[in-house]
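Chain residues, written in single-letter form:
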Amino acid sequence: LVQLVVREIVAPVDLVAQSMGGVIAARIALERPALVRRLVLCVTSGGVDMAGLGAANWQVGYRKSFPNAAEWITADRASRQLPVERIAAPTLLIWGDADPISPVAVGQHLQARIPGAKLHVVPGGDHDLAVKEAQQVASLIAGHLG
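From a predicted model like this one, the values you see are computed outputs, not experimental measurements.

About the cut-offs
Residues numbered from 1 in each chain as written. Predicted model: local features only at pLDDT ≥ 70, side-chain atom pairs only at ≥ 80, totals over all residues. Heavy atoms only, no water. Helix = DSSP H or I, 4+ residues; strand = E, 2+ residues; numbered from the N terminus. Rg over C-alpha atoms; globule rule 2.2 N^0.38 Å. Buried < 20%, exposed > 50% of the residue type's maximum accessible area, 1.4 Å probe, protein only. Contact = heavy atoms within 4.5 Å. Areas by Shrake-Rupley, 256 points an atom, 1.4 Å probe, with all protein chains shown as cover. Lys, Arg positive; Asp, Glu negative; His and termini not counted. Charge placed at Lys NZ, Arg CZ, Asp CG, Glu CD. Pairing = 2+ DSSP bridges. Axes fitted to C-alpha atoms, helices over the stretch in contact; angles between N-to-C directions.

*Asks:* What exactly am I supposed to notice about the overall build of the chain here?
*Replies:* Helix and strand content of the chain: seven helices and four strands. Radius of gyration (C-alpha) of the chain: 15 Å, near the 15 Å computed for a compact globule of 146 residues. Summarising its shape, the C-alpha atoms of the chain cover approximately 40 × 35 × 25 Å along the three principal directions. By residue count, 37% of the 146 residues in the chain fall in the buried class. Within the chain, residue pairs in contact and separated by at least 24 positions form 71% of the contacts whose partners lie at least 6 positions apart. On the chain, roughly 7,900 Å² of surface is accessible, and the fraction owed to carbon and sulfur atoms is 57%. Averaging the positions of the 13 positive and the 12 negative side-chain charges in the chain gives two centres separated by 8 Å.

Rendered as structure tokens:
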């Protein structure tokens, strides 16, 4: 997926990613830093140990809701830790304080590791905060990219 996205980038871009997409965006920012001007990661794992930071197991519920989803989405395997401290792009982290899938501790962990990263916590926000709090999230993103 990383290579698929990179092939579509013809000039430096601002990457905005949520949930699993955040791992792809973080890998692009690490592997091809000249392509990423600014980065926004929203309720993602960003390539960190989710269980160790209190994340709930979401795979069973997801599989029940989406029985025809690709197997790799819910495969039980640890994601590779990423050296996020090498991300050079200015980074905004957006988290909800009521997200069991990617708890605030994950955002705080990424903020501590990504140089200059800014964390914004949305009160009451859960894993769907980009949908449920779309106006607020869009405003945060616009402020970071503007």
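Once you've had a look at it, read on.
*Asks:* Just to check I follow, could you spell out the sheet that holds strand β2 (residues 36–42) for this structure?
*Replies:* Pairing between sheet strands relies on hydrogen bonds along the backbone, with the strands arranged either parallel or antiparallel. Reading across the sheet, the four strands line up as β1-β2-β3-β4 and stay open at both edges, with parallel pairing between neighbours. Because the sheet does not close on itself, it has two edges, and the strands there are β1 (13–18) and β4 (118–122). Here the average twist between neighbouring strands, direction ignored, is 15 degrees. Across the face of the sheet, helix α2 (residues 21–31) comes into contact with β1 and β2 while running at roughly 150 degrees to β1. Along the sheet face, helix α5 (residues 104–113) touches β3 (91–96) and β4 and points at about 165 degrees away from the line of β3.

Distances and angles like these do not, on their own, reveal function.
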